[in-house]
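Residue-level structure breakdown
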Amino acid sequence: MVTTTNVVNLDALIRRADLATPGEAGEDITSLPVMGLERTGLLYPALRKPDFQRETSNWSPEQVADLISTFARRELIPAVILWRAGQNVFVIDGAHRLSALIAWVQDDYGDGEVSRQFCQNMIADEQRAAAQKARDLVKLQIGSYQDHKMAAQFPDNSPPELAERAARIPWWPIQVQWIQNADHDKAEKAFFRINQGGTKIDATEQRILNARRSPTALAARAVLRRGTGHHYWDKFDADAQDKIEQLGKEVFDLLYAPTFQLPIKTLDLPVAGQGYGPHVLPFLFDLINLVNKVGVADSSKKRGASDELPEDRDGASTINYLVQTRSALWRICSTHASSLGLHPALYFCSTSGTFQPTALLTFLSMFRDWGTREFKEFTDVRAAFESFLLSNRGITEGVRKLGSGARSRPRVTSLYRRVIAELRSGKSVPDVTNDLAKDPEYGFLIATPTLELFVDAGGGRFSRDTKGGAFLRDALPTAPKCPTCGGIMHRNGMQTGHQQHRREGGSADLSNAAMQHPFCNSTVRQ
């Protein structure tokens, strides 16, 4: 799965609202002067985007800068399509274009005052970096909006090109088209129809937008911004809203803390890789559906008649989905007593350290129906199972040949179950590997090479993936091991346990302390 965090998050700059919100009629406008986009302007406070609108966070810093430069140089940009609902003016098409101009006017590329308030000051490092890159590019190409305001006031003290542009920019309009004589249902249909042209809404976005009032979509959006941002759940009572926001934060931290850093120079990796970028929401949608046994296709599939997701009317289902998701992730890697403390670098990452969503979803699927007996049986052979994973790091690469999502999970799940069963029967890791290599059902997964991913592309410089791969290759085998099961330990999934239990008279001295997986610590004396 290719992911990118080089996107500018402009989602806060146009507030969201329900298209069906009634209001008094107002006069249409034929254009938007750029000065009206200032926070204290007359037009900006009225702007809204539909609450189901996809996040305005898919453009790179270069795309943002190019749009602003195009406008400032009076080159053609497509008109923004608007629809009025009372005093609210909804952006039906052109939210990214308009948000980029707002970013320029307000110097807020995802890290300014409006964005900080929107995110409750919890802005990801990747978001700050993308914002600053966009700001620097704009400054280089045409100058900041503030530069232009200063040049308009003091033209003799400014570069001629800047002064000439500053003199006309306040009056250079953003072209507008209006959807006329339409109620909110027609306006919504127009949104989807229009957005199938140009930058289309892909299958993933379409499914999530169609399911926007379902507990899956609401839970995914709560996790996406750690319970901050637009409150899609604001129709629920205050208690339900508080619970959703708190659970969203907890689930986000279970998945994405500590922050992912590149190139990889530490084993302290988050469970699910980078928690910023357009790939995150579809992954959360799939994860929450899987954990809660929601019988629909993955987000990448087109919606079918049997894929309708019910609407959550009071927040109870959303809360339940988040609670179940938290419990499932507690099991994966946390300090909860149920936690196996699976190390993300070994279980859920490629050899270069790239997060593999299918790997995490596979283990969640496999664990979903296990009971205490199965987990104890797993820990009995966990050290050997992890030795198998270390010896066959190409499995995660081989999964790509099966395709992503539900197509690959059954095959990989059956592979892991077979490995565990054969290890429990007394077979060695080399014997299990040899047997699987000869099996046409699994042989290609075992035989997939990994070194081909790290071929020198020229110039003798190591790529970021090669640097990460070299670190993980050397660091994983030497990572601390749990004294109970022999499995690798992660900083988020270990506890200090008593070698001699307290109820047996064990002291709290250092000599009696041992770091363990929480599950091992909680079951070793049972």
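All figures in this text were calculated on a predicted structure; none of them were measured in a lab.

Rules used throughout
- Residues numbered from 1 in each chain as written.
- Predicted model: local features only at pLDDT ≥ 70, side-chain atom pairs only at ≥ 80, totals over all residues.
- Heavy atoms only, no water.
- Helix = DSSP H or I, 4+ residues; strand = E, 2+ residues; numbered from the N terminus.
- Buried < 20%, exposed > 50% of the residue type's maximum accessible area, 1.4 Å probe, protein only.
- Contact = heavy atoms within 4.5 Å.
- Areas by Shrake-Rupley, 256 points an atom, 1.4 Å probe, with all protein chains shown as cover.
- Disulfide = S-S within 2.5 Å.
- pLDDT = per-residue confidence, 0-100.
- Axes fitted to C-alpha atoms, helices over the stretch in contact; angles between N-to-C directions.
- Parallel < 35°, antiparallel > 145°, perpendicular 65-115°, else oblique.
- Nonpolar A, V, L, I, M, F, W, Y, C, P; charged D, E, K, R; others polar.
- Polar contact = N/O pair within 3.5 Å; in protein donor to acceptor, adjacent residues only side chain to side chain.
- Core = buried A, V, L, I, M, F, W, Y, C linked by side-chain atoms within 4.5 Å.
- Salt bridge = Lys/Arg side-chain N within 4 Å of Asp/Glu carboxyl O.

Looking only at helices and strands, the chain has 22 helices and 8 strands in total. Counting over 526 residues, the chain shows a buried share of 55%. Counting only contacts in the chain whose residues sit at least 6 apart along the sequence, the fraction spanning at least 24 positions is 74%. Accessible surface, the chain as shown: approximately 23900 Å² in total, 50% of it carbon and sulfur.

Take the state of the cysteines next. Disulfide: a covalent bond connecting the sulfur atoms of a pair of cysteines. Per the stated rule, a full pass over the model turns up 0 disulfides. For C520, which is in no disulfide, the shortest distance to another cysteine sulfur is to C485 and amounts to 3.7 Å.

Further remarks concern the environment of R15. By the element assignment, R15 lies in strand 1 (residues 15–17). Between the C-alpha atom of R15 and that of H230, which follows or precedes it by 215 residues, the distance is 7.9 Å. The residues touching R15, leaving out its near neighbours within four places in the chain, are L47, R48 and K49.

A word on the confidence of the model for the chain. Model confidence for the chain is summarised by a mean pLDDT of 86, while 88% of its residues fall at 70 or above. Mean pLDDT values over the elements of the chain span from 71, in helix 17 (residues 395–398), up to 98, in helix 12 (residues 316–332).

This next bit is on the packing of helix 1 (residues 61–72) against helix 2 (residues 95–106). Where helix 1 meets helix 2, the axes come as close as 9 Å, and the angle between the chain directions of the two elements is 80°. It follows that helix 1 is roughly perpendicular to helix 2 by the angle criterion. Contact with helix 1, carried on its side by V64, L67, I68 and F71, involves R97, A100, L101 and W104 of helix 2 and no other residues of that element. Grouping the amino acids of the contact of helix 1 with helix 2 by side-chain chemistry returns 7 nonpolar, no polar and 1 charged.

As a further point, take the side chain of S339. Structurally, S339 can be placed in the loop between helix 12 and helix 13 (344–347). A polar contact is formed between the side chain of S339 and the backbone oxygen of W330, at a distance of 3.4 Å.

Quick look at the nonpolar core now. Formed by 84 residues in total, the largest nonpolar core has its most connected members in L255, F283, F348, L360 and F385. In terms of residue count, helix 11 (residues 280–291) provides more of this core than any other element does, 9 residues in total. The residues contacting F385, other than those within four sequence positions of it, are Y347, F363, F378, Y416, V419, I420 and L423. Within the second largest apolar cluster, 42 residues are counted, among which are L10, L98, A100 and W104.

A separate point is the pattern of salt bridges. Taken as a whole and judged by the stated rule, the model has 29 salt bridges. Salt-bridge contacts for E377 lead to R373; the nearest nitrogen and oxygen are separated by 2.9 Å. Linking E377 with R373, this pair stays in helix 15 (residues 372–380), spanning 4 residues, or about one helical turn. Judged by its relative accessible area of 52%, R373 falls in the exposed class. Among the ionic contacts, a cluster of salt bridges with common partners joins R418, E422, K427, D435 and D439.

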